[in-house]
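Residue strings, one per chain:
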Amino acid sequence: MSDVVEKTLTALPSLLSLDSQSGKLSSSSKLGNLIRGITELTSKHDEEKLIQRELVSIKEQVSSPNTSMRQMKELMVRAIYCEMLGYEASFSYIHAIKLAQQGTALDKRVGYLAVSLFLNESDELLLLLVNTVLKDLQSTNLIEVCMALTVVGQIFPKDMIPAVLPLVEEKLTHPKEIIRRKAVLALYKFYLIAPNQVQHIHSKFRKALCDKDPGVMSASLHIYFEMVKEKPEGYKDLTGSFVTILKQVVGGKLPIDFNYHSVPAPWLQIQLLRILSLLGKNDRSMSELMYEVLDESLRRAEMNHNITYAILFECVKTIYTIHPKAELLEKAAKCIGNFVLSPKINLKYLGLKALTYVVQQDANLALQHQMTIIECLDHSDLIIKRETLELLFRITNSQNVKVIVEKLLEFLRQSKDDYITIDLGGKMQPDIPNSFLRLLSEGFDSVEENRQLRLLAVESYLSLLQDRPAKLSQRFLQVISWVLGEYSHLKEGLEPVTVLRLLAPLLDLRQSSTETKSWALTAMTKLCDGPACVSVAQELADRHGGSLDTVLRQRLHELQHLAAHPELRTRVLPRNVGLEPLEVDSSLSFLDGFVSEALAAGAAPYKPPHQRQEELAQEKALSVEPYGLSLPLSMSNCSVAERPYPTALSTSSGLSGNSTELSHKGGSGALKLEGVKRVWGKEGYLTQTEAAVPMEEMAQVEADREKQQLASSLFVGLGSLSSTGLCLMGKAEPTPHRFRRRAKGQGSSSGTSERSSPDSGSVPPHVDSAPHLPLDLPANNGAQEDLGEDMSASLIETNGMAVVDPDTYIDLHDPDHVHLISSLPGELSALPRSEITPLCSHASLALSACHVQTDRSALLVVFVANTSDSAARRFVLRMTSGDLEYSLIPSRPSVHMELAGVASYQLPDGEPQSTQFSYTLSLTDFIRPLTVSTEEYGRLWLAFSNDTKQNLRLLSEGPDPLRDTLGLLRDKLQVHIVDIIASEGIVACQLLQGQPCLMHCRVNAGCLAVWLRSSLPELPDCLLYHCQRALAEH
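All residue numbers refer to positions counted from 1 along the written sequence of the respective chain. Whole-chain, interface and lining totals are the exception, using all residues; otherwise, since this is a predicted model, local features are given only for residues with pLDDT of at least 70 and side-chain atom pairs are given and counted only at 80 or more. Excluding hydrogens and water, the side-chain values take into account all heavy atoms of the structure.

(A) Region of the structure containing the overall build of the protein. Labels follow the DSSP assignment, with helices taken as runs of H or I lasting at least four residues and strands as runs of E lasting at least two, numbered in each case from the N terminus. Across its full length, the protein holds 40 helices and 19 strands. Only protein chains enter the calculation, and the probe is 1.4 Å; a residue is then buried if its accessible area is under 20% of its type maximum, exposed if over 50%, and partly exposed in between. For the protein, the proportion of its 1034 residues judged to be buried stands at 45%. We call two residues in contact when some of their heavy atoms are within 4.5 Å. For the protein, the share of sequence-separated contacts (at least 6 apart) that also reach a separation of at least 24 residues comes to 67%.

Written as structure tokens, this is what we have:
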């Protein structure tokens, strides 16, 4: 092999008529003369004349029978150079194929190179190359085999893949690594253009992944990335292999030739990280295999070089994609913070890019750097500003949408880049143009207001079309076409032919889609009235009538025909005719009679798509794997450290959780010093000069105040910094939840002393500037002290938590907790509740808890008992949960959620004491029935995209197994059975605060096939787990 390579390298200089000693173009080379001649020209016109003369010369020489192979090689290289400059040399294509079919290895090399540059995959001339490729694949010359594999992996036609596929498969076991690597790349190309034709050789891809040569292994990753992206569940078993490969790469086990700036195989690391992110998404067991190598990748990629920044970026994306781990989230957040705060523009852009990706998982992470984001809005670099707008677009909600849209419009007015304008304009949701058009068509109650709105739209859109319509997005052009077609007649003095001539250029725009052109032609058809308009229609028909687009030709034919027949156009497209709104029967009930007759005649009943797919899969292959639980019954509870993403922990006392409003309320009683002249300092009374504030400082203060106001408007609705569970620069301190004392209700029959947080009108603890008043707990011997004022607010209307101090002796060994049950407040005693669970027992303090369920909330009741003989002072209860908000509303669905907290107190003669506790709640504690009709269920089903499917156990003891099974789920999980028809049933439920989940059930082969859908990605899987558990425990 080394001799062949050495001879090849020695002969390469003669390929381009190079001087073998200097390596430069020789003075006698015609290619060198051509390049020098072009570089000496001063105008494009002279260049065209020179190239045309050169092409004429090349054409004459390649057609001459006296042209030698050496001359043909140089002619092909000159033709390649002319094509690179944009001039067509199609006459040389056939000669390139001939050169690849004959001659020495160097001749074939130039021929293959020219063919790969000249032709595309759909070119018919490639058929002439098939036999040559087959012959070269069977050659014993390694160079010829390499050239054939290179061409196969670049431009080989899709229809000819079966002819060469067996030969390419054989090369996967070739003894030379360069042949195996090129064979893998050729198969990668085959997979991209015809994946069905390489399905049978997946086992050979696995051998390539374990190849001893790193080049072959890295080439196989391209195929696996595409296959894993398409079907990740089919390659979960390879997760360990990918992790092992990444460990070896990160550890520097590959040859030094793969290093780039002392970084081991960076592109290989990036590809592996992308594959791992796909395999670990929503899969905890697979993600746990990756934690160690991701941590190592973050630690080693700390060199100050661009390629290490790219690796860090992919690490961050992977960490936030797979099942989360708290320590990795902190490191990834710190990495993003370093990028965003970097003075280097490239790193700042990378940080914004990473933050844009991360906020899709949790928008609260943008809060940590809100001021930096505000400054990036005014950055001099256009790319930084654009990426910042993209970030704001990702965090848009109903509260900040107006401010963000104003910023986008301001940027669009200043931008001169057509691509950016089209990209930002295309971010409109599909239903926004429809809603706007419906507003224009239906209007308001006032006829005059309707006319003014429509006239304003017409005038605005006319000015846009007169400016630069190429800058507008496709959806916007469609809206413009419809508005002008419907309401342009409202503008006085505007001739229809004028509008037609403004809409006609839309047909010539290269970026205009067929749909946009159809909208424009429909608008022209509505306006086509008069000889001038007929003339324009005829011009358009002559210009675009030969288009290959059948839809465009159909619209042009309609335009031309209706323009020539005004009466027919008036009947087909009436104007100013009040049409009754159409009522659409989404349930297709008008077909019930037809369906009944067809079923009676023996027609097969309708099967949903997922049922047809399951039956088709069962026909193709026999599944021998038993159905199991989607989540194991022994699954450990999710703790705060295991939460996927930092969650907002609202500390408001009500259920609204609007921290911004509460902050303003909390600050209303504070001392305001804005605008007050400063006359006192540390040294005493200041003179007039010392008290004066420089104008520059005042301007800076005013600018900072404006940025703060803009930040509060942009980031409203995302929580608050104090409630963010994880900050981008490291671990945030948990917010202490303090409970103010609540005196014993006078109407309470139990005689208990209740302590809870203030009602919704009070100031939340985290914004309260007044000192906290801790509680005093009386001694266990019955002596009590005055606990202060009475607070008569309803317990259920507060923050969902009560602290109860029984006034009788508590037996800690009482298994039934009789005394604690009697201490429940009267308004809670009649509600469904859980068993009372001991939380902790520490020194002189005992805590127990239970949760109470209402229709709209879940309430946590904490029983506090002082078991000592002396009163406990300064009792404080702090909650530090990452799973639940303060009002016991799940921030994200999970199978189990955990409340954690700390109770602290002080005895009169002792040191301060504290103890930690935790309380676990299940998802079923937050599930409530959702009462909807069948039609509403259908609309919700189509609106949701997050789903999961599974076969469950069917209760077969009774006469109606489906009804019995759904009845059990209704009783255990509090779901609502919407309807049961034959062997199918539909069920609906919702989380507290209205996040619905729908379930479609069908009896199939003795099992219950369920299909769950929801707007929350985690909810279907979690609810499915509880369905499985409820049926398993029955």
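Next comes the rest of the account.
(B) View of the packing of aromatic side chains. The rule is short: rings of Phe, Tyr and Trp, with Trp giving its six-membered ring, pair when the centres are within 6.5 Å, and they are stacked under 30 degrees, edge-to-face over 60, tilted in between. Enumeration according to the criterion identifies 9 aromatic pairs in this entry. Seen in terms of ring centroids, Trp941 and Trp1011 are 5.2 Å apart; in terms of plane orientation they differ by 85 degrees. Their pairing is edge-to-face. With Trp941 in helix α38 (residues 934-943) and Trp1011 in strand β19 (residues 1007-1014), this pair connects stretches of sequence that are 70 residues apart. Looking at Trp941, the relative accessible area reads 13%, which means it is buried. By relative accessible area, which is 9% here, Trp1011 ends up buried. Pairwise contacts between aromatic rings join Tyr224, Tyr235 and Phe242 into one cluster. Above the face of the Tyr357 ring, Lys317 is positioned so that its terminal group lies 5.2 Å from the ring centre. Geometrically, a charge over a ring is one whose NZ (Lys) or CZ (Arg) sits within 6 Å of the ring centre while staying within 35 degrees of the ring normal. One residue, Lys949, lies across the ring of Trp1011, its end atom 4.3 Å from the ring centre.

(C) Structural view of the pairing of strand β16 (residues 976-981). Here the rule is simple: two strands pair whenever DSSP picks up at least two bridges between them. Summarising the sheet, β16 and strand β17 (residues 984-991) pair through 5 bridges and their orientation is antiparallel. Looking at the pairing, Ile977 lines up with Val987 of β17. Counting the residues in the hairpin turn of β16 and β17 gives 2 residues, including Ala982, whose phi is positive at 55 degrees.

(D) Quick look at the layout of surface pockets. The computed volume of the second largest pocket comes to approximately 1600 Å³. The rule is simple: put a 1 Å grid over the protein atoms alone, call a set of points where a 1.4 Å probe fits but cannot get out a cavity, call an open set with protein on both sides within 12 Å along at least five of seven lines a pocket, and count a residue as lining if it has an atom within 4 Å of a point. Around the second largest pocket, the lining comprises 38 residues; the ones closest to its centre are Ser587, Tyr606, Ile981, Glu984 and His1000. Where the lining of the second largest pocket is concerned, the elements lending two or more residues are α31 (592-600), α32 (609-620), α38, β16, β17, β18 (996-1004) and β19. Among the elements that line the lining of the second largest pocket, the one with the most residues is α38, at 7 residues. Residues belonging to the lining of the second largest pocket are distributed by class as follows: 19 nonpolar, 11 polar and 8 charged. Grid points are joined across faces, edges and corners, and a volume is the space filled by probe spheres set on the points. For this classification, the nonpolar set comprises Ala, Val, Leu, Ile, Met, Phe, Trp, Tyr, Cys and Pro, the charged set comprises Asp, Glu, Lys and Arg, and every other residue, Gly included, is treated as polar.

(E) Up close: the nonpolar core. The biggest cluster of nonpolar side chains holds 138 residues, and the ones touching the most others in it are Leu187 and Phe242. Those residues within four positions of Phe242 in sequence are excluded, and the remaining contacts are Leu209, Leu221, Tyr224, Leu272, Ile275, Leu276 and Leu279. Here the nonpolar core consists of buried residues drawn from Ala, Val, Leu, Ile, Met, Phe, Trp, Tyr and Cys, with membership extended through side-chain atoms lying within 4.5 Å. Leu907, Tyr919, Leu954 and Leu991 belong to the second largest nonpolar core, which has 52 residues in total.

(F) View of the environment of Ala903. As for its placement among the helices and strands, Ala903 is situated in strand β12 (residues 896-906). Looking at Ala903, the relative accessible area reads 0%, which means it is buried. Between the C-alpha atom of Ala903 and that of Val864, which follows or precedes it by 39 residues, the distance is 9.7 Å. In this structure, Ala903 is in contact with Leu845, Leu847, Phe875, Val876, Leu877, Gln913, Ser914, Thr915 and Phe917, ignoring residues within four places of it in sequence.

(G) Here's a closer look at the side chain of Lys526. For Lys526, the location among the structural elements is in helix α27 (residues 514-527). A polar atom in the side chain of Lys526 sits 2.6 Å from the side chain of Glu486. Setting aside residues up to four positions removed in sequence, Lys526 forms contacts with Trp482, Gly485, Glu486, Arg569, Leu573 and Arg575. In protein, a polar contact means a hydrogen-donor-capable atom and an acceptor-capable atom, both N or O and within 3.5 Å, with residues adjacent in sequence counting only if both atoms are side-chain atoms; elsewhere, any N or O pair within 3.5 Å suffices.

(H) Molecular detail of the side chain of His379. On the secondary structure map, His379 appears in the loop between α19 (370-377) and α20 (382-394). Among the residues examined, His379 registers a relative accessible area of 19% and is labelled buried. For His379, the side chain forms a polar contact with the main-chain nitrogen of Asp381, separated by 3.0 Å. Not counting residues within four places of it along the chain, the set of residues in contact with His379 comprises Ile345, Lys348, Ile384 and Lys385.

(I) Molecular detail of the packing of helix α4 (residues 69-84) against helix α5 (residues 93-101). Convention adopted: a line fitted to C-alpha atoms gives each axis, helices being fitted over their contacting stretch, and angles between N-to-C directions are expressed from 0 to 180 degrees. Their axes nearest at 11 Å, the elements α4 and α5 cross at an angle of 135 degrees. Judged by the inter-axis angle, α4 sits oblique to α5. Crossing of α4 over α5 shows left-handed handedness. In contact with Met69, Met72, Lys73, Met76 and Glu83 of α4, α5 contributes Tyr93, His95, Ala96 and Leu99. Note on angle classes: values under 35 degrees are labelled roughly parallel, values over 145 roughly antiparallel, values of 65 to 115 roughly perpendicular, and the remainder oblique. When the near helix sits turned anticlockwise from the far one by under a right angle, the crossing is termed left-handed; a clockwise turn instead gives a right-handed crossing.

(J) Up close: helix α26 (residues 496-503). Of all the positions in α26, only Val497, Val499, Leu500, Leu502 and Leu503 are classed as buried. Buried residues along α26 sit against α24 (447-467), α25 (474-487), α27 and α28 (531-544).

(K) View of the environment of Glu459. Tracing the backbone shows Glu459 in helix α24. By relative accessible area, Glu459 is classed as partly exposed at 36%. In sequence terms Glu459 and Leu490 are 31 residues apart; their C-alpha atoms lie 9.9 Å from each other.

(L) Summary view of the environment of Gly111. Here Gly111 shows up in helix α6 (residues 105-118). The contact partners of Gly111, leaving out residues within four places of it in the chain, are Ala96, Leu99 and Ala100.

(M) Spotlight on the pattern of salt bridges. The term salt bridge refers to a side-chain nitrogen of Lys or Arg lying within 4 Å of a carboxyl oxygen of Asp or Glu. Evaluation of the coordinates by the stated rule reveals 29 salt bridges. Linking Lys44 and Glu47 is a salt bridge whose minimum nitrogen-to-oxygen distance equals 3.3 Å. With a gap of 3 residues between them, Lys44 and Glu47 both fall in helix α3 (residues 44-63), about one helical turn apart. Among the salt bridges present, the one from Glu314 reaches Arg274, with a minimum N-O distance of 3.3 Å. Residue Glu314 is found in helix α16 (residues 306-321), and its partner Arg274 is found in helix α14 (residues 266-280); the two are separated by 40 residues along the sequence. Residue Arg274 is classed as partly exposed on the basis of its relative accessible area, which comes to 35%. The network of salt bridges with shared partners includes Glu296, Arg299 and Arg300.

(N) Examining a nonpolar patch on the surface more closely. On the surface, a cluster of nonpolar side chains totalling about 590 Å² of accessible area is made up of Leu588, Phe590, Leu591, Phe594, Val595 and Leu599. Considering the arrangement of structural elements, one finds Leu588 in the loop between α30 (566-572) and α31. Here Leu588 falls in the partly exposed class, since its relative accessible area comes to 42%. Like-charged residues within 9 Å of one another, or nonpolar side chains (Val, Leu, Ile, Met, Phe, Trp, Tyr) within 5 Å, are grouped into patches, provided each residue has over 30% relative accessible area and no salt bridge. Computed with a 1.4 Å probe, the accessible areas rest on the Shrake-Rupley method; for each residue, only the protein chains presented here act as cover.

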